[in-house]
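An overview of the molecular structure
Each chain, written out:
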Amino acid sequence: MKKVITYGTYDLLHFGHINLLKRAKELGDYLIVGVTADDFDKARGKINVQQSLMERIEAVKATGLADEIIVEEYEGQKIDDIQRYDIDIFTVGSDWEGKFDYLKEFCKVVYLERTEGISSTQIREKQSFLKLGFVGDRTMLEKYANEIEFVNGIQISGAYLNEFKEQENMGGIVNYSSYEELLKYCDAVLIESAPQYHADQIEMALNNMKHVICESPIALNGTEVENLYTIAKKNGLILMEAIKTAYSIAYNRLLLLIKSGKIGQVVSVDATCTSRKELDQSQNDYTKVPWNSICGWGPTALLPIFQIYGVKPKNIQITSMFLDEEKKFDAFTKINFVFPNGTATVKVGKGVKSEGDLVITGTKGYIYVPAPWWKLDYFEIRYEKIEDKKRFFYQLDGEGIRYELVSFVQMIKETKTNEYILEKYSIAIADIMERFLQNRQIIILEE
Ligand code: CTP
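Overview of the structure.

Analysis parameters
Residues numbered from 1 in each chain as written. Predicted model: local features only at pLDDT ≥ 70, side-chain atom pairs only at ≥ 80, totals over all residues. Heavy atoms only, no water. Helix = DSSP H or I, 4+ residues; strand = E, 2+ residues; numbered from the N terminus. Buried < 20%, exposed > 50% of the residue type's maximum accessible area, 1.4 Å probe, protein only. Contact = heavy atoms within 4.5 Å. Areas by Shrake-Rupley, 256 points an atom, 1.4 Å probe, with all protein chains shown as cover. Lys, Arg positive; Asp, Glu negative; His and termini not counted. Charge placed at Lys NZ, Arg CZ, Asp CG, Glu CD. Disulfide = S-S within 2.5 Å. Expected span 1.5 Å × (residues − 1). Axes fitted to C-alpha atoms, helices over the stretch in contact; angles between N-to-C directions. Parallel < 35°, antiparallel > 145°, perpendicular 65-115°, else oblique. Left-handed = near helix turned anticlockwise from the far one by under 90°. Phe/Tyr/Trp six-rings, centres within 6.5 Å; stacked < 30°, edge-to-face > 60°. Lys NZ or Arg CZ within 6 Å of the ring centre and 35° of its normal. Near = heavy atom within 4 Å. Polar contact = N/O pair within 3.5 Å; in protein donor to acceptor, adjacent residues only side chain to side chain. Pairing = 2+ DSSP bridges. Arc of directions from axis to C-beta. Salt bridge = Lys/Arg side-chain N within 4 Å of Asp/Glu carboxyl O.

Some details on the overall build of the protein chain
Within the protein chain one finds 13 helices and 20 strands. With the principal axes as the frame, the protein chain shows a C-alpha extent of 80 × 60 × 40 Å. Counting every position in the protein chain, which comprises 447 residues, the buried fraction comes to 53%. Of the contacts made within the protein chain by residues no fewer than 6 positions apart, 67% connect residues no fewer than 24 positions apart. For the protein chain, the accessible surface area stands at approximately 20,800 Å², while carbon and sulfur atoms represent 48% of it. Between the averaged position of the 54 positive side-chain charges in the protein chain and that of its 66 negative side-chain charges there is a distance of 3 Å.

In structure tokens:
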């Protein structure tokens, strides 16, 4: 009996797939189809897949062409499968021409002509196109414009830039003269403006029936955040807080491992984020620098703490060092938390430099995420015995921005709430911003 094997994602099964499966089947007597697992696809940069593994398997099954369906979960599995199932022929479409020649050592390799004019990517793009308006500065616009190339079903339609109000050529992106104008020509807005503008801009967008993705913090106090979520829900819109780390695969795995008790009970979470750029002291006016340390880094550092312990600390102590007399630009802020069953510290700074790592201490062991931990793709679980150490690596492309955008598009399509950053975490983060800005219980370090 001649055994044939082929692999694919088979998202939104189309006639290109069926054509391929038919011809693969004709190459032998028994066809095994390997369907890629969600994580394996993400790890190889295929982040837009819409259907779950089960849905994709069901679709392949329904073609009646596969004699057996297996799941492809890891790099290098093809060689294992070929040996295990005693395969005679490995086949894929001609878009992979040459890429699997290394398998010739184990079986015959056949590249079948790809069907022209159809692909899952094309179907996903056609389904709907979300027009995204951008608010912020030019550097961030360029960053997002590059990343959005990797995300199906969304494009930047226009911008309203803080500092460049005049019309100018921005690679096909229209620069509108006002925020109101921008809102007229988009389905959703991406807000990257200074934090003090967020709440008003979000409210206006939601009232104009636009979905919103906004850089964190989405407002500067918890009540305002609650109010914004209420409007979003009432209007059936998505309001998504953008903290890049929260949408990465590694970060979500890390939280699951903690929940499953891998390090025992958590007793301390210590998160440090600093970026020391030369600040422009010439004007001695730091109020003109929109992102101080607490707004710029605070949300990222606070998120794991609230996600691990919940949002009801028993005690919060904030200590800051300021660069301006009005005490708005904190060069450094340290927050000490006491929760009912654990403790946490946050260290954030734009006028200091420290090791930007994340350490989560538990009763059995600890998790160590090396600097810069917020670009999370690798972490270790360490125990007393050094040989028990476990390492975890997950792909992270584009600093996490593209995963954030993929989640946004999916939430809109499926009218799902944000399961990565729950509303209560957004409120808790904004509450800390409020405490800071109102100078409540802040200990100020002398120069
Ligand atoms: N295939 C094909 N003709 C097409 C599309 C896919 O022959 N028009 C083949 C691929 O070469 C592969 C198999 O079908 O052997 C599964 O491909 P998959 O990557 O799942 O499908 P695509 O439509 O190429 O998906 P995407 O656009 O997400 O890359």
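Some words on the state of the cysteines
Evaluation of the coordinates by the stated rule reveals 0 disulfides. No disulfide involves cysteine 214; its nearest neighbouring cysteine sulfur is the one of cysteine 295, lying 11 Å away. A relative accessible area of 0% means that cysteine 214 is categorised as buried.

Observations concerning the side chain of histidine 198
Within the secondary structure layout, histidine 198 lies in helix H8 (residues 195-207). On the basis of relative accessible area, histidine 198 is assigned to the buried category, the value being 0%. Beyond its immediate stretch of four places on either side in the chain, histidine 198 contacts Ile191, Ser193, Cys214, Glu215, Pro217, Ile218 and Trp291.

Quick look at helix H12 (residues 401-413)
Over its 13 residues, H12 extends 19 Å from the first C-alpha to the last, a length consistent with the 18 Å expected when each residue adds 1.5 Å. The element H12 is largely enclosed, with a buried count of 11 among its 13 residues. Three or more residues of H12 are buried, namely Ile401, Arg402, Tyr403, Glu404, Leu405, Val406, Ser407, Phe408, Val409, Met411 and Ile412. Just downstream of H12, threonine 415 is the residue with a positive phi angle, here 35°.

Description of the packing of helix H9 (residues 222-234) against helix H13 (residues 423-437)
In contact at an axis separation of 7 Å, H9 and H13 are set at 150° when each is read in the N-to-C sense. As judged from the angle between their axes, H9 and H13 are roughly antiparallel. For the pair H9 and H13, the sense of crossing is right-handed. Residues Gly222, Val225, Glu226, Tyr229 and Lys233 of H9 form the contact with H13, whose participating residues are Glu423, Ser426, Ile427, Ala430, Asp431 and Glu434.

Regarding the packing of aromatic side chains
Aromatic ring pairs are reported here in terms of the distance separating the ring centres and the angle at which the planes meet. This model, assessed by the stated rule, comprises 15 aromatic pairs. Ring centres 5.1 Å apart and planes at 50° place the aromatic pair tyrosine 247 and tyrosine 420 in the tilted group. Pair noted here: tyrosine 247 is in the loop between strand E11 (239-242) and helix H10 (249-259) and tyrosine 420 is in the loop between H12 and H13, with a separation of 173 residues, a long-range link. Among the aromatic residues, those joined into a ring-pair cluster are Tyr7, Phe90, Trp96, Phe100 and Tyr102. Taking NZ or CZ as reference, lysine 78 lies 4.9 Å from the ring centre of tyrosine 7, over its face.

Here we look at the site of the ligand
Around the ligand, 18 residues are found, and the nearest of them are His17, Asp95, Ile118, Ser120 and Thr121. Between the ligand and the protein, one listed contact pairs an oxygen atom with a side-chain N or O atom of histidine 17 at 2.9 Å. Bound to the protein, the ligand loses 93% of the 570 Å² it would expose on its own. Residue assignment for the shell around the ligand shows that the elements contributing at least two residues are helix H1 (15-26), strand E4 (89-93) and helix H5 (120-127).

Regarding the pairing of strand E14 (residues 330-339)
With 7 of 10 residues buried, E14 lies mostly within the body of the structure. Here strand E13 (residues 315-322) runs beside E14; their pairing, made up of 8 bridges, is antiparallel. Across the sheet, methionine 321 pairs through a bridge with phenylalanine 332, a residue of E14. Inspection of the sheet shows E14 paired to strand E15 (residues 342-349) by 8 bridges, in the antiparallel sense. Directly across from phenylalanine 332, in E15, lies its bridge partner glycine 349. The hairpin turn running from E14 into E15, its antiparallel successor, is 2 residues long.

Some points on helix H6 (residues 138-148)
Where H6 is concerned, the buried positions are Met140, Leu141, Tyr144, Glu147 and Ile148. Along the long axis of H6, the arc covered by the buried residues comes to 130°, so they all point the same way. The outward face of H6, more than 90 degrees from its buried face, is lined by the exposed residues Thr139 and Asn146.

A few points about the pattern of salt bridges
Enumeration according to the criterion identifies 20 salt bridges in this entry. Close ionic contact of lysine 244 with glutamate 215 constitutes a salt bridge, the shortest N to O distance being 3.9 Å. Here lysine 244, found in the loop between E11 and H10, pairs with glutamate 215, found in strand E10 (residues 211-215); they are 29 residues apart in sequence, far enough to count as distant. In this structure, lysine 244 and glutamate 215 share a single accessibility class: buried.

Scope: geometric values only; no functional claims are made or implied.
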